[in-house]
Amino acid sequence: MNRQKFEKLKIWLNKYIDSFYCDDDYINANIELKQTHTARVCDEMLYLTNSLSFEPHQEILAQAIALLHDIGRFEQFQKYRTYSDFRSINHNELGLKIIAENNLLGDINLRDKEIIEKAIEYHNLKEIPPQTDSQVELYSKLIRDADKLDIYRVVIEYYNQYINNPSSFRLQLELPDVPEYSSELVNSLITGKRFDYKKLKSWNDMKLLQLGWVYDMNFAATLIRVKERKYIQTVADFLPNTEDIKNATQIVLKFVDDQIVLLS
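Let me sum up the structure you'll find in this document.

Parameters at a glance
Residues numbered from 1 in each chain as written. Predicted model: local features only at pLDDT ≥ 70, side-chain atom pairs only at ≥ 80, totals over all residues. Heavy atoms only, no water. Salt bridge = Lys/Arg side-chain N within 4 Å of Asp/Glu carboxyl O. Helix = DSSP H or I, 4+ residues; strand = E, 2+ residues; numbered from the N terminus. Buried < 20%, exposed > 50% of the residue type's maximum accessible area, 1.4 Å probe, protein only. Contact = heavy atoms within 4.5 Å. Phe/Tyr/Trp six-rings, centres within 6.5 Å; stacked < 30°, edge-to-face > 60°. Lys NZ or Arg CZ within 6 Å of the ring centre and 35° of its normal.

1. Some thoughts on the pattern of salt bridges
Here's step 1: Tallied over the entire structure, the rule returns 27 salt bridges.
Here's step 2: Between Glu 7 and Arg 3 there is a salt bridge, with its nearest N and O atoms 3.4 Å apart. Of the two residues, Glu 7 and Arg 3 both sit in helix α1 (residues 3–18), four residues apart, roughly one turn of that helix.
Here's step 3: Accessibility expressed as a relative area gives 31% for Glu 7, which makes it partly exposed.
Here's step 4: The residue Asp 24 makes a salt bridge to Arg 81 at a minimum N-O spacing of 2.8 Å. With Asp 24 in the loop between α1 and α2 (25–51) and Arg 81 in the loop between α4 (72–80) and α5 (91–101), the pair connects residues that are 57 residues apart, well separated along the chain.

As structure tokens, then:
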């Protein structure tokens, strides 16, 4: 993968995404959401690779992964009107199918192609499969971290928009907006355990899950940015003001501080 190939991919992807805009405001709002997200993940990826002093080839490879990581989302939403893989189709697999059908990686070396495809395949799995080779693991960790960094931005904007201007809210609300939340999920935050998306029952559960994303972050630079932007406290402020949630939030905040020291 080189800079020229990457720039061609960017041009192709923008034209591809533009083909999904239509006269449906709901679809357009969600396509725009993912188009902006893709660009922001590329920015976050550049921040991470700079922090790791990557060589130019490594940086471009990581940027290509960021550029293509959600390519399946656009067709997914157009067809199913949801970004829920559980209710529609696995967007990782769909993305790899689109990449293959359009021969987007046909003229790069096989090792780079393997790394890009595997990192896309693994980018939102619960965890990276064991025995993954070291280079695939590295790039998979990078895209997982870069993706989460921007999703924090997205969901905070999403929550503010829903609260402040619900009548114009055109994005997808996947779970019921009810006061309840899972005590099991709060306990997972306190103990540092990962929680299965399939167990989520409310919007509050989703917010609690997002607090726990830091347990699956891999680089000091990622956690530094989470801390600087106050993502944890901001998401927590959208949750019920209960003692168990406040306690879990403080544990998560301490974990971020401790991990920054450990990984630096």
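2. Topic: helix α9 (residues 203–211)
Here's step 1: By the criterion of burial, α9 is predominantly enclosed, with nine of the nine residues buried.
Here's step 2: For α9, the complete set of buried residues consists of Trp 203, Asn 204, Asp 205, Met 206, Lys 207, Leu 208, Leu 209, Gln 210 and Leu 211.

3. Considering the environment of Lys 199
Here's step 1: Tracing the sequence through the fold places Lys 199 in the loop between α8 (183–191) and α9.
Here's step 2: Here the alpha-carbon distance between Lys 199 and Leu 189, two residues 10 residues apart in the chain, equals 14 Å.
Here's step 3: Beyond its immediate stretch of four places on either side in the chain, Lys 199 contacts Glu 184 and Asp 205.

4. Details of the packing of aromatic side chains
Here's step 1: Here the structure, examined in full by the defined rule, presents 14 aromatic pairs.
Here's step 2: Taking the centre distance of 4.6 Å and the plane angle of 45° together, the rings of Phe 77 and Tyr 83 count as tilted.
Here's step 3: Considering the side-chain rings of Tyr 162 and Trp 203, the 4.7 Å spacing of their centres and the 85° angle between planes classify their relative orientation as edge-to-face. With Tyr 162 in helix α7 (residues 134–164) and Trp 203 in helix α9, the pair connects residues that are 41 residues apart, well separated along the chain.
Here's step 4: Overall, the relative accessible area of 5% leaves Trp 203 in the buried class.
Here's step 5: Cluster of aromatic residues (ring-pair linked, three or more members): Tyr 158, Tyr 159, Tyr 162, Trp 203 and Phe 238.
Here's step 6: The ring of Tyr 159 carries the charged tip of Lys 207 above its face, separated from the ring centre by 4.9 Å.
Here's step 7: Across the ring face of Tyr 47, the terminal group of Arg 225 is positioned such that the distance to the ring centre comes to 3.5 Å.

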